[in-house]
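Observations on the model geometry
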Amino acid sequence: MSLTSKPGAGRTYFVADLHLTDERPAATGRFFRFLQDEVAGADALYILGDLFEAWIGDDHGEAVANDTAQRLAALVAAGTPVYFMHGNRDFMLAGRYAARSGMTLLADPTQIDLYGMPTLLMHGDTLCIDDTAYQDFRRRVRHPLTRALLRRLPRMLRQRMARQARAGSEAAKAHKAAEIMDVNEAEVVRVMREHRTGRLIHGHTHRPAQHAHQVDGRECERWVVPDWYARWGYVVCDAAGCALRVGDL
Ligand code: MN
């Protein structure tokens, strides 16, 4: 696709794994510039999870939460809809914050019609089925009853639990083989077949790439959007196709 013309109508942007926190202002600044310089005027912005490093509830007190809500609401008011799918870090983000920021919440997965091409959107963690310990944990914490219970806990307690969960996840990752934290190829094919889609866009693995998969003899594409730790970037699509853009933070 050509990226020489000015961004705007006719394009849709996909980001994930920004992991925004007051502790990493460079990523926040880059994101706000990205919204202003590239996304403004576009057809839509899809945030495919882990917008925030942590989210203890819609009373999340970090400055970055307020600033991000304002920027996104301005973008939406100017005519570019913003869609949000939960990640494993910010699955407690709920309707109150979505309303403040003008975001429309999406289920994981969601299939959209992207310029005539059925395109499946996911955060990506459910594709990593080889990490059985994580999948067990995910089933427990994402259960509606667990989430309802979590929402009723005092904020101080939720903050402490989020810190402990992050430390536990870092410790567990250090002992896991790199392959089990990537997507399972057979699961990718199964999901694409089930949804009869020719294109999948997801994040989570922090392994930005364009992949080709054979699904029942059909050539299908899978786009992995980058994380915003040492780098930043996005997938952008128009009627001609998609492109992956990655830069240094
Ligand atoms: Mn994730």
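Before going into details, it helps to say that this report is about the structure given with it. All chains use their own residue numbering, which begins from 1 and follows the written sequence. With pLDDT at 70 or above as the cut-off, local features in this predicted model cover only qualifying residues; side-chain atom pairs require 80 or more to be listed or tallied, and sums for whole chains, interfaces and linings still use all residues. For the side-chain quantities, the full set of heavy atoms in the structure was used; hydrogens and water were omitted.

Before going further, it helps to examine the overall build of the protein chain. Along its length, the protein chain carries seven helices and 11 strands. It is over C-alpha atoms that the radius of gyration is taken, and the globule rule equals 2.2 Å times the number of residues to the power 0.38. Over its C-alpha trace the protein chain gives a radius of gyration of 18 Å, about what one expects of a compact globule, namely 18 Å for 249 residues. Oriented by its inertia axes, the alpha-carbon framework of the protein chain measures out at about 50 × 40 × 30 Å. Here's how the labels work: a residue is buried when its accessible area is under 20% of the maximum for its type, exposed when over 50%, partly exposed in between, all with a 1.4 Å probe on protein chains only. Counting every position in the protein chain, which comprises 249 residues, the buried fraction comes to 48%. Carbon and sulfur atoms make up 53% of the accessible area of the protein chain, which amounts to about 11,700 Å² in all. Charge convention: Lys and Arg are scored as positive, Asp and Glu as negative, and His as well as the terminal groups of each chain are ignored. The atom standing in for a charge is NZ when the residue is Lys, CZ when it is Arg, CG when it is Asp and CD when it is Glu. Here the protein chain holds 32 positive side-chain charges and 31 negative ones, and the gap between their average locations is 5 Å. Per the convention used, a helix needs a DSSP run of H or I reaching at least four residues, while a strand needs a run of E reaching at least two, with both numbered from the N terminus. Only the protein chains shown count as cover for residues, and the accessible areas themselves come from Shrake-Rupley with a 1.4 Å probe.

With respect to the helices and strands, Thr-28 occurs in helix H1 (residues 25-39). Accessibility expressed as a relative area gives 9% for Thr-28, which makes it buried. Note on definitions: a residue-residue contact is assigned when non-hydrogen atoms from the two residues lie within 4.5 Å. Ignoring any residue separated from it by four or fewer positions in sequence, one finds Thr-28 in contact with Leu-20, Thr-21 and Val-64.

Below, the discussion takes up the coordination of the manganese ion. Because water is not among the atoms used, a metal site may look incomplete, as its donors are only the N, O and S atoms within 2.8 Å, or 3.2 Å for Na, K and Ca. Within the protein, the atoms that donate to the manganese ion are Asp-50 (OD), Asn-88 (OD1), His-123 (NE2) and His-204 (ND1), at distances of 2.1 to 2.3 Å. Read in sequence order, the donor residues coordinating the manganese ion give the pattern D-x37-N-x34-H-x80-H. Linking Asp-50 in the loop between strand S2 (44-47) and helix H2 (63-77) with His-123 in the loop between strand S6 (117-121) and helix H4 (132-142), this pair joins segments that are 73 residues apart in sequence. The pair formed by Asp-50 and His-123 is uniform in burial state, with each residue classed as buried.

Let us look at the sheet that holds S6. Strands were regarded as paired on the criterion that DSSP finds at least two bridges between them. What the five strands build is an open sheet, ordered S5-S6-S7-S9-S8; its pairing is mixed. A strand with exactly one partner marks an edge of an open sheet, and here the two such strands are strand S5 (110-114) and strand S8 (209-215). The average undirected angle you get between the axes of adjacent strands in this sheet is 25°. With seven bridges connecting them, S8 and strand S9 (residues 218-224) associate as antiparallel partners. Of the residues in S9, the one forming a bridge with Ala-212 is Glu-221. All axes here are fitted lines through C-alpha atoms, helices being fitted over the stretch that makes contact, and every angle between N-to-C directions spans 0 to 180 degrees.

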